[in-house]
Structures are given as C-alpha cells and as structure tokens.
Amino acid sequence: MTTATTVPTGYAKELRLIIGGASITAEQRRSIAVHDPATGAEIGRLPIATDDDLRDALASTQRGFARWRATSAYDRAVVLRNAARLIRERVDAIGRILTLEQGKPLLESKLELQATADIFEWCGEEGRRAYGRVVPGRSESVRQTVLREPVGPVASFTPWNFPAITPGRKLAGALGAGCSIIIKPSEETPATALALFDALRDAGLPEDVVNVVFGDPPHISQTLLASPVIRKISFTGSIAVGKHLARLAADGMKRATLELGGHAPVIVSDKADLNRAVKMSVSAKFRNAGQVCVSPSRFFVHERIEKQFTEAFAAAASSLRVGHGLEEKTQMGSLANERRRDAIHELVLDASKRGGTLHTGGSPLDTPGFFYAPTVFSDVPGDARVLNDEPFGPIAVITPFRELSEAIARANALPYGLAAYAFTQDVAESIELGNRIEAGMIGINQFGIAFAELPFGGVKESGYGSEGGIEGLDGYLITKTVTVA
Ligand code: NAD
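Everything numeric here is computed off the predicted structure, so don't read it as measured data. (Residues numbered from 1 in each chain as written. Predicted model: local features only at pLDDT ≥ 70, side-chain atom pairs only at ≥ 80, totals over all residues. Heavy atoms only, no water.)

Moving on to the packing of helix 4 (residues 106-127) against helix 5 (residues 165-177). Interhelical geometry of helix 4 versus helix 5 gives an angle of 15 degrees and a closest axis separation of 8 Å. Here helix 4 is positioned roughly parallel relative to helix 5, judged by the angle of their axes. Of the two elements, helix 4 crosses helix 5, and the hand of that crossing is right-handed. For the pair formed by helix 4 and helix 5, the contact residues are E112, A115, T116, I119, F120, C123 and G127 on the first element and I165, G168, R169, L171, A172, G173 and G176 on the second. Taken together, the residues of the contact of helix 4 with helix 5 break down into seven nonpolar, five polar and two charged. (Axes fitted to C-alpha atoms, helices over the stretch in contact; angles between N-to-C directions. Helix = DSSP H or I, 4+ residues; strand = E, 2+ residues; numbered from the N terminus. Parallel < 35°, antiparallel > 145°, perpendicular 65-115°, else oblique. Left-handed = near helix turned anticlockwise from the far one by under 90°. Contact = heavy atoms within 4.5 Å. Nonpolar A, V, L, I, M, F, W, Y, C, P; charged D, E, K, R; others polar.)

With respect to spatial proximity, 24 residues lie near the ligand, and among them W160, S221, S238, R339 and E390 are the closest. Contacts to the ligand include R339, whose side-chain N or O atom sits 2.8 Å from an oxygen atom. Sorting the residues of the shell around the ligand by element identifies helix 7 (217-226), strand 10 (232-236), helix 8 (239-251) and helix 11 (338-353) as the ones contributing at least two each. The residue inventory of the shell around the ligand, partitioned by class, reads 11 nonpolar, seven polar and six charged. Split by domain, the residues of the shell around the ligand number at least three in each of domain 1 (16-260 + 462-484) and domain 2 (264-451). (Near = heavy atom within 4 Å. Polar contact = N/O pair within 3.5 Å; in protein donor to acceptor, adjacent residues only side chain to side chain. Domains from an automatic or database assignment.)

Quick look at the sheet that holds strand 13 (residues 296-302) now. A sheet is described by the order of its strands in space; here seven strands give the open sequence 14-15-16-13-12-17-18, paired in mixed fashion. If you trace the sheet from one side to the other, it starts and ends with strand 14 (357-360) and strand 18 (441-444), each paired once. When the angles between neighbouring strand axes are averaged without regard to direction, this sheet yields 20 degrees. In terms of strand pairing, strand 13 meets strand 16 (residues 395-401) through five bridges, oriented parallel. Residue V301 lies in a different strand from strand 16, and its bridge partner there is P400. Across the sheet, helix 9 (residues 274-286) is in contact with strand 12 (264-268), strand 13, strand 15 (375-378), strand 16 and strand 17 (419-423); its angle to strand 13 comes to roughly 160 degrees. (Pairing = 2+ DSSP bridges.)

Another aspect to go through is the pairing of strand 11 (residues 255-259). With four of five residues buried, strand 11 lies mostly within the body of the structure. With five bridges connecting them, strand 10 and strand 11 associate as parallel partners. Opposite K232, over in strand 11, you have R255 as the bridge partner. As judged from the two bridges shared by strand 11 and strand 19 (residues 463-464), these two strands associate in the antiparallel manner. (Buried < 20%, exposed > 50% of the residue type's maximum accessible area, 1.4 Å probe, protein only.)

Turning next to helix 3 (residues 91-102). For helix 3, built from 12 residues, the straight-helix expectation of 16 Å at 1.5 Å per residue is met to within 8% by its first-to-last C-alpha distance of 16 Å. Counting buried residues in helix 3 gives nine out of 12 residues, a clear majority hidden from the surface. Every buried residue of helix 3 is accounted for by V91, I94, G95, I97, L98, T99, L100, E101 and Q102. Elements that come into contact with the buried residues of helix 3 comprise strand 3 (31-35), strand 4 (42-47), helix 2 (73-89), helix 4 and helix 6 (190-202). (Expected span 1.5 Å × (residues − 1).)

Time to look at the pairing of strand 16. Counting buried positions along strand 16 yields six of seven residues, so the element is predominantly enclosed. The sheet contact formed by strand 15 and strand 16 spans four bridges and is parallel. Counterpart to T375 in the pairing with strand 16 is I395.

To continue, consider the nonpolar core. Among the nonpolar cores identified, the biggest contains 137 residues, and V294 and F309 are the most heavily contacted of them. A domain split of this core shows at least three residues from each of domain 1 (16-260 + 462-484) and domain 2 (264-451). Discounting residues that sit within four places of it in the chain, V294 has contacts with A264, L418, A419, Y421, M441, I449 and F456. With 12 residues, the next largest nonpolar core counts I267, F300, F401 and I437 among its residues. (Core = buried A, V, L, I, M, F, W, Y, C linked by side-chain atoms within 4.5 Å.)

The N-to-C vectors of helix 9 and helix 10 (residues 306-318) enclose an angle of 40 degrees; their axes lie 10 Å apart at closest approach. As judged from the angle between their axes, helix 9 and helix 10 are oblique. Handedness of the crossing formed by helix 9 with helix 10: right-handed. Contacts between helix 9 and helix 10 involve L274, A277, V278, S281, V282, K285 and F286 from the first element and Q308, F309, A312, F313, A316 and A317 from the second. Taken together, the residues of the contact of helix 9 with helix 10 break down into 10 nonpolar, two polar and one charged.

What follows deals with unusual backbone geometry. In this structure, M253 is a non-glycine residue whose phi angle is positive, near 50 degrees. Mapped onto the secondary structure, M253 falls in the loop between helix 8 and strand 11. Residue class for M253 comes out exposed when judged on its relative accessible area of 68%. The phi dihedral of K460 is positive, around 55 degrees, even though this residue is not glycine. Mapped onto the fold, K460 is located in the loop between strand 18 and strand 19. Judged by its relative accessible area of 37%, K460 falls in the partly exposed class.

All we've got here are geometric facts, nothing functional implied.
Following this line, the structure appears as structure tokens:
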C-alpha cells in the first residue's frame, strides 16, 4: 500500500450559482471553501444562495417549466443527446475536476462521466416514449384517453459520493420528461455538477429550465419544498435526511423519489467460483473507497470456504495502492471528507472492542488528506455497529454461514433494502436468492446492477421510487384521464 505526495492541480476556474440563466460568483456572495480531500487544501470558493436567490430560482423554474413542457419530446431529446456528446468530449477535463473535489481515482471519475452521458442519452430517448393510451369507451361516441404529462418543477438534492451520476440522474430524468429543475448538488463537490450544467447549456438548453443553487442544505430544502411552485422532489443521501424530506414533501403533497442508504449483503455459497467471487468482491468493495450506496459491506461466506475467502480477500485488499486520485497508479483514493474518515474509524474501534479479528487496515493513513486503509474484519458479533449502521467506507466484514436460508435471513435482517449480491453456480440457489432477498437490486455472480437502462432504487428504509429504466421516467410524469363525448 502506498500514498502519493505530489499533486497536480486543474480545478474548475469559477464556482457559481446559476439562477435564471445568470451566473453568480463567490465574489458576489458569502462564500465557503471547497477542499481537495486528498490533501486537505482549499481549491475553490463556493457562493452561498441568499433567500432572494432562492426566490428568484423559484420564479425562474416556473418560467422554465412553461417553456420546456411546450418543447417537443423530440427536441428535448436532441438537447440531452448533444449534452451527452459534450460530456464525452470533455471527459478528461471534467474527470480531473471530479477527482480533485471528491478523491476517487481518475479512471473511476471518467467511467462515472461516461455513465452519466449514457443516462442523458437514455432519458432523452425515453422521454419520446412517454406514451398515453386510448381506453374503449362505453359508447361509440365517447373517446377516453389517458395522457402522461410532466409533473412540474422539480427540486433535487444530491450527495458528494457520485458528483456526476447523482446530479446526472436527476437532471436527465426531469428534463427527459419535460420538467424544469432546481438542483442543489453537494457543497463539497460542486464543480462537476456545474460542468454538467455547462454541457446542457452548450447543447442548447433554454434559460430557466435548470437552476443550480448551493448553501445550507436544510434551509434550501425547507424553502424550496415550502413553495407551491415545486411539484416533486428527488433526493439521494442518508435515510435520516430522506425521512425528513419525505415529511416536508407530504406537507405539500409533493411527489418524492428517495434513493437512500444501504448495507448490501454478499452471500458466497460453497457452490460459487471462489476466485471470481474474491476478485470481483475486492474490486467492488473498494471502488470509490466504499462510499457507494450499493457497496458490498456484509459478506456471508459458506463455512467450508470462509477461511480461504477471507485470506484471499484480505491479501488483495492490503495490496491495493492507495493515493491521490490523480496519480496514475492509484487504485483507491482518499475518503471524500473528514466526517467519513472519522466515522469509519469509530466503526473499526467498536468492532475491535467487541472481539472482531482484524486482517488488514484498521487505521487512517498518517498523511495529509482523509485516507483510510482498506480494512477487513472477521469474527465480528452481529450487534457490532459496523454490521448494523451503513459503513459507507473501505471496510468489509466477513461472517461464516452453514445453511443458505440462514444467510438469507441474516441478509434480510436489517431495515435496509437497496442492493444485494450473491455468488453461486447452482441454478436453484440463484433462483432462491433472487426470490427471497429483500432488495431493490440483486447481482448474482457479478456487481453490475446500475446502468441507465435499469431501474435503480430500494425497498424498506432504503427509499422509494426508481431512477433509470422505463420506471425512472414515471416518477416525473402525472397521469391525466380525458374523456370526450
Ligand atoms: P448527510 O446525511 O447530512 O448528507 C448527505 C447529503 O444530503 C449531503 O449531500 C447533504 O448536503 C444533503 N443534505 C443533508 N441534509 C439535508 C437537508 N435537510 N435537505 C437537503 N439535503 C440535505 O451526511 P453526510 O455526512 O454527507 O453523509 C452521511 C451518510 O449519508 C453516509 O454515511 C451515508 O450513509 C449516507 N449517504 C448516502 C448516499 C447515497 O448515495 N445514498 C450518499 C451520501 C451519503
């Protein structure tokens, strides 16, 4: 395991609010610092929206909605496709910005941007298929139609772990359906979302259709959700904040799509291809330093192969090259902020105190920035915090099981239900796992569950609604029955 020392720069030239098509810079407002989490250095100043700015954004989004809903789905798709092309063309520059503000390796940033471009394209095309239907009437002279229309202006809030994909899903979903949107990306990773806005603007998006604001998240969500202008909210983040926003949405009877936390189980049967399971699990676990809502975090491994699995997993984890995301050889970057590093260390101390066996890692790295060593535990009791709280970091816990039904019961025991994974080459086991695991997304013999064409969303406390797939569009549409005699 190694860490980088020298860091090239190349962050966004100017951080800004976008309100009514105008840019408001950090010189014009109170501002806060944005940091490179791999060094702790300040890399930019972000302006904070005033209450007047929020009022202006609401008025703008109302104008934007009138304009965008009147734009044909065909023309909306052209804008989204062009924006996708521009994101692909700019992938090197935006990728660098993403890595500098978030910490993940440059390759991961570029892959995230390619996936974001895919989402723009998919949503543009899917908007062209927002079909209604004709329902037979009770007399020949009656025509009954069911129309699908955009729900209205959307308020959306996105986190710092995927600074391109999470704003991308919300922007593209709303725009594809014909909605305007006010987006509040994370204040910790603002420049990537602004780069997506630039791509949309350069692709021909009219003024007022997208507003971008930053500031105090609770104040902004409270203000926007209190306005009758906003008809839908979309949030990605923690369960606690999701529940709070669901309550605010209920007060105004607004639609809500909530993509919240998870604690994904991985069940490794004794009928699995062990090498494949280890290799894929290590790569999925430490992607984005584990700060992924669908990150595998609880490994239940059949007792016959548990020791072998743990040794191989820990060996692979300890050989990962940890460093600045812009260093070419880096395989895992820093955590995105100090809160995450400290939270992971708390979980580690708790697991150790309760008798867990530490195989590798277990401490922050003694360097500037918020690095934490890839960490692997076994023998952790079921009531340890790491097996109950979403870890959201580079920590894996491996637990043996004897019967598949026992592993499924353990997998389902938590209130989360976002992603789950399993490895087995037995068809009957695959079917049983697919049927009985309580999760919105299940990957068997692989971790590929999140693509533009697939619905992405959770069950239980992991939230409701989907982004992506044909289901994604649905959240931005209302259904209207029109009968004519
Ligand atoms: P947090 O829960 O306070 O913040 C998560 C995100 O929500 C941030 O982007 C923040 O700006 C936003 N937010 C917070 N309060 C808000 C409000 N009242 N209105 C609107 N937006 C609000 O804390 P955090 O330290 O950033 O993250 C803590 C935990 O959140 C993580 O450990 C993880 O479990 C979860 N999380 C989940 C995801 C995900 O993809 N589902 C992403 C980031 C964080």
